[in-house]
Amino acid sequence: MVSETISGGRRWFRQRLQPEDFLSLAVIGLCLWQVLYLLASGQLGVKGGLEMADIAERLVRGQGFASPYLPADVVRPTMVSPPLYVGMMAGIFSLFGIKTDLAHGILQLMNVLFNAVTLVCLFRVCQRLFNPLTARLFAVLFILHPHILLLSSSIWETALTTMLLSIMLWFMVCAMDRYRIAHQILLALLFGIIALSNPAWTLSYPLFCLFLYRPWAAGPGISKTLLPIAVIFISYLLVVSPWLIRNYQVAGELTYVRNMSGPELFKGNHLQSGGGHGMGFHDYWIYNSEQQQRIYQAMGEQAYDQWMQQRALEVIQENPGHYLTMTLVRIAMWWSGDVDVLWKWYQVGYYNKLAMGVVMTVAGTLTTLLAIPGAWLLRRRLRQLWPVFVLVFILPIPYYLMIIGFRYQASLMAFTLIPVAYCLAVYLPVRLPWLNHHRAYPQ
């Protein structure tokens, strides 16, 4: 009886559940599972966002894009956060109350929708680059992975940025005609919006342009290579320039989308640091340290940022071996989990967070153990798969050099699951031959 039921289920899966049906069910399953997780864990509506939420509150109160690290009656402009998600938070706060449970819950439900769009985009990418089996395995992994649950519960820009990156990847792989000016402008628009959500990924833009147009390749001619890159660059500047002008007016000097990288560099590399968000991070975190609050308020944001950067560089120059060790530790933790913050949660007794952190560390390690052989299997298809490789292996580099955390890992975990899904699609049919039916493209 059991074997007949299993066989009947396999026949139904093979014959009736077409890729479009599977994707629809996957999206519904993702939304239900993530909402259930938020409810069951008691996280729906909890406080979050910290700097972003405090800046959004000041926007709603008419104080402008003001520093979150100062008392409410001290109003100074800030560049500590990029503007896109802060603006969205301010809109939600103005409609549903500043930092109310309802407002926070709506922001989390928006994250669930962002994750659903990410799933659709990357499912299409896997279909285009590989086969239906890889796409379906990716969907299952995406739904179940704890880092994706973290994206939905965290009231930060992370789910939004991941969605925008996935739309960018889908566009480049599935829809873009790289020599159409309209498509070049659309790509630049995505670049700009992503930078206004999280500028850390700007490092990848030159690589995307170089791989798209390959100026070193013979044949196309200079007009077919450099001209599209120029169109993308100029269009990108048009998107981000209003915010850059605003920052210039605030700082009196040309700066990028956000600042305050100096404190992050110091918190991740001083001699008591563990490379992540542990005690060494919190000892110098402005929200947590009255001493740092006083210094910040006395110096001002730009001077404080430069001072902390100089302190970090002095520590690195005086202790290059320690910096190298921290960099290697961060690389290891990026591909496993933020062990630094796990130790901190254990020390202070945050056992619920510790348990979830352990689950994410185990999941991150298993993901790595499958992603590496998956990437090795795909090495000969680099010309076709370079956007995925850039997202998985190049974008983490800034975090290797500064500081890592679970939320940072989660922002790129969706893309890391692509080589994982391919690895499983290669090896699972060996054990489960009936899956071979789904490796071929539909007629």
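*Asks:* Hey, could you run me through unusual backbone geometry in this one?
*Replies:* One can expect most non-glycine residues to show negative phi and most peptide bonds to be in trans. Of note in the backbone geometry, Lys99 takes a positive phi value of approximately 60° without being a glycine. Note that Lys99 resides in the loop between helix H4 (83-96) and helix H5 (101-129). The backbone of Met260 shows a phi angle near 65°, a positive value even though the residue is not glycine. Topologically, Met260 is positioned in the loop between helix H11 (222-251) and helix H12 (261-267).

*Asks:* Would you explain the packing of aromatic side chains in this entry?
*Replies:* Describing an aromatic ring pair means giving the distance of the ring centres and the angle of the ring planes. For the structure on display, the rule yields 25 aromatic pairs. Taken together, a centroid distance of 5.6 Å and an interplanar angle of 75° make the contact between Tyr205 and Tyr236 edge-to-face. With Tyr205 in helix H10 (residues 205-213) and Tyr236 in helix H11, this residue pair connects regions lying 31 residues apart in the sequence. Assigned by exposure class, Tyr205 and Tyr236 land together as buried. By way of ring pairs, the aromatic residues Tyr69, Phe281, Trp285, Tyr287, Tyr296, Tyr304 and Trp307 are connected into one cluster. One cation-aromatic arrangement involves Arg379 over Trp376; the distance from NZ or CZ to the ring centre is 3.9 Å. Taking the ring centre of Trp156 as reference, the NZ or CZ of Arg407 above it sits at 4.1 Å.

*Asks:* How do you make sense of the layout of surface pockets when you look at a structure like this?
*Replies:* A probe matching the size of a water molecule, rolled over the atoms, marks out where space remains unfilled. In this model, the second largest pocket occupies a volume close to 310 Å³. Together, 13 residues line the second largest pocket, and Met172, Val173, Leu212, Gln384 and Trp386 are the ones closest to its centre. Looking at the lining of the second largest pocket, the elements that each hand over two or more residues are H5, helix H8 (158-175), H10 and helix H19 (382-394). Looking at the lining of the second largest pocket, the element that brings in the most residues is H19, giving four residues. Split into classes, the residues belonging to the lining of the second largest pocket amount to eight nonpolar, one polar and four charged.

*Asks:* What's the story with empty space enclosed by the protein in this structure? I'm lost.
*Replies:* Under the definition given, this model contains two cavities of 30 Å³ or more. Of the volumes computed, that of the largest cavity is approximately 60 Å³. As for the largest cavity, its lining consists of Trp334, Trp335, Ser336, Gly364, Thr367, Thr368, Gln409, Leu412, Met413 and Thr416. The biggest single contributor to the lining of the largest cavity is helix H21 (residues 406-431), with four residues. Counted by class, the lining of the largest cavity contains four nonpolar, six polar and no charged residues. Roughly 50 Å³ of internal volume is contained in the second largest cavity. Considering the residues around the second largest cavity, the lining is formed by Phe130, Ala375, Leu378, Leu385, Val388, Phe389, Phe393 and Pro419. The element that contributes the greatest number of residues to the lining of the second largest cavity is H19, accounting for four residues. For the lining of the second largest cavity, a count of residues per class yields eight nonpolar, no polar and no charged.

*Asks:* Sorry, what's going on with the side chain of Thr255 here?
*Replies:* On the secondary structure map, Thr255 appears in the loop between H11 and H12. Taking the relative accessible area as the measure of exposure, Thr255 reaches 18% and is therefore buried.

*Asks:* It is not clear to me how the confidence of the model for the protein should be interpreted in this structure. Could you clarify?
*Replies:* Predicted coordinates in regions of low pLDDT should not be interpreted in detail. Chain-level pLDDT for the protein is 90 on average; 90% of the residues reach the 70-or-more range. Confidence, read as mean pLDDT per element, is least for helix H1 (residues 2-15) in the protein (57) and greatest for H4 (97).

*Asks:* Which parts of the structure should I look at to understand the packing of helix H17 (residues 339-348) against helix H18 (residues 351-377)?
*Replies:* How two helices sit against one another is set out by the angle between their axes and by the gap between those axes. Contact geometry for H17 and H18: axes closest at 8 Å, N-to-C directions at 155°. The orientation of H17 relative to H18 falls into the category roughly antiparallel. H17 and H18 meet at a crossing whose hand is left-handed. On H18, the residues touching Leu342, Trp345 and Tyr346 of H17 are Tyr351, Lys353, Leu354, Gly357, Val358 and Thr361. Here the residues of the contact of H17 with H18 sort into six nonpolar, two polar and one charged.

*Asks:* Explanation requested: a nonpolar patch on the surface in the structure shown.
*Replies:* On the surface, a cluster of nonpolar side chains totalling about 370 Å² of accessible area is made up of Trp33, Leu36, Val140 and Leu144. Of note, Val140 is situated in helix H6 (residues 132-144).

*Asks:* Explanation requested: the side chain of Lys267 in the structure shown.
*Replies:* By secondary structure assignment, the location of Lys267 is in helix H12. Residue class for Lys267 comes out buried when judged on its relative accessible area of 3%. Excluding anything up to four places from it in sequence, Lys267 contacts Ser273, Gly280, Phe281, Tyr284, Trp285 and Ile403.

Parameters at a glance
Residues numbered from 1 in each chain as written. Predicted model: local features only at pLDDT ≥ 70, side-chain atom pairs only at ≥ 80, totals over all residues. Heavy atoms only, no water. Helix = DSSP H or I, 4+ residues; strand = E, 2+ residues; numbered from the N terminus. Phe/Tyr/Trp six-rings, centres within 6.5 Å; stacked < 30°, edge-to-face > 60°. Buried < 20%, exposed > 50% of the residue type's maximum accessible area, 1.4 Å probe, protein only. Lys NZ or Arg CZ within 6 Å of the ring centre and 35° of its normal. 1 Å grid on protein atoms, 1.4 Å probe; cavity = no way out; pocket = protein on both sides within 12 Å on 5 of 7 lines; lining within 4 Å. Points joined across faces, edges and corners; volume = space filled by probe spheres on them. Nonpolar A, V, L, I, M, F, W, Y, C, P; charged D, E, K, R; others polar. pLDDT = per-residue confidence, 0-100. Axes fitted to C-alpha atoms, helices over the stretch in contact; angles between N-to-C directions. Parallel < 35°, antiparallel > 145°, perpendicular 65-115°, else oblique. Left-handed = near helix turned anticlockwise from the far one by under 90°. Contact = heavy atoms within 4.5 Å. Patch = residues over 30% accessible without salt bridge, like charges linked within 9 Å, V, L, I, M, F, W, Y side chains within 5 Å. Areas by Shrake-Rupley, 256 points an atom, 1.4 Å probe, with all protein chains shown as cover. Salt bridge = Lys/Arg side-chain N within 4 Å of Asp/Glu carboxyl O.

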